[in-house]
Amino acid sequence: MKLFAIFGNPVAHSKSPLMHNAVFKALGIKACYTRVLLKDGAKLRDTFLKLNLSGANITVPHKEAAFKACDEVRGFAKKAGVVNTIVKEDNKLIGYNTDADGFLYSIKDFKDIKNILVIGAGGTAKALVQKFLDEGFDVSILNRSEKRLSFFEQSGAKTYSWDNFKADSFDLAVNTTSAGLEDESLPVPDDMADKIISNIKYGADVIYGKKTPFVKLLEKNDIPYKDGSDMLLAQGVLANHLFLGKRYDTQTIQKYMEKVFRY
Ligand code: NDP
């Protein structure tokens, strides 16, 4: 029996166990996927090995710690500096990132996007910003504090903290912060949120499973938006391919994972 897990803090909200277990059960794979509440990201590697995991996903706030925990990081994750999927291969921890492609999939219906405002500068933002720059979008990042912005200084993205941000017009604004996950706060102060919302075509929030204050504001202003569920599904399908060595096609995995979203 293979064991997989999601590491996070908080982690109780995560739908990843339901999604992956649905696939294992439907396909008769002897595997189980559980949740691990991990407070200290530095303990990720030891915990992974102690639990004898075959693979894992990593969520808030440990994606940067997961990058450091790996023996080898492959593909886009190497460039982005953040890992959300780990697979054990020959006793080595191999890191990948499936978040960014998952997010791009989720906004495939949004047309004529040229410039994007990313709110937040954490692990998820790192992956999305790198992917947006790779795709040729003009990217601005707005974060509550300045500390994490220094990472993006050489990236080609414009960076702003709450103190020096001047609302411009954007085709898409994405909330990548955890504001609204466990509380009822907007990712920026109310007046700044109003200015942003009145100058965008589309909105997105990476949080799923609840209507965040940011999503409620988008709805109130009739802005077409996506919450984090399509991203969750798409990143989960890609992670499952990595866990199972792409033995099954995307449609099959997606079909079983989607069932979880119906109740
Ligand atoms: P990190 O801890 O790496 O980053 C958190 C970011 O949020 C930082 O920029 C932080 O700002 C900001 N922040 C936190 N609280 C507030 C607040 N109250 N007001 C304003 N800014 C705030 O988190 P991750 O990037 O790993 O995760 C972020 C979110 O993305 C989580 O809610 C997670 O569940 C979600 N997620 C969803 C996925 C999906 O598939 N749908 C996939 C991946 C993540 P500062 O630097 O000032 O501290």
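For the structure itself, consult the block above.
Residues numbered from 1 in each chain as written. Predicted model: local features only at pLDDT ≥ 70, side-chain atom pairs only at ≥ 80, totals over all residues. Heavy atoms only, no water.

Caption draft 1: Fine view of unusual backbone geometry. Across the junction of asparagine 9 and proline 10, the peptide omega takes the value 10°, indicating a cis bond. Along the chain, proline 10 turns up in the loop between strand S1 (2–8) and helix H1 (16–26). Cis geometry marks the peptide bond from valine 60 to proline 61, where omega comes out at -5°. Tracing the sequence through the fold places proline 61 in the loop between strand S3 (55–58) and helix H3 (63–69). Despite not being glycine, aspartate 112 has its phi angle at roughly 55°, a positive value. Residue position: aspartate 112 is located in the loop between helix H5 (99–106) and strand S7 (115–119). (Helix = DSSP H or I, 4+ residues; strand = E, 2+ residues; numbered from the N terminus.)

Caption draft 2: Molecular detail of the site of the ligand. Close to the ligand lie 29 residues, the nearest being Lys63, Thr124, Ser145, Arg148 and Val206. Taking valine 206, its main chain carries an N or O atom lying 2.8 Å from a nitrogen atom of the ligand. At 3.0 Å from a nitrogen atom of the ligand is found a main-chain nitrogen or oxygen belonging to glycine 228. Relative to its free-state accessible area of 940 Å², the ligand is covered by the protein chains to the extent of 91%. Every element with two or more residues in the shell around the ligand is listed here: helix H6 (123–134) and helix H9 (229–244). (Near = heavy atom within 4 Å. Polar contact = N/O pair within 3.5 Å; in protein donor to acceptor, adjacent residues only side chain to side chain. Areas by Shrake-Rupley, 256 points an atom, 1.4 Å probe, with all protein chains shown as cover.)

Geometric descriptors of this kind do not, in isolation, establish any biological role.
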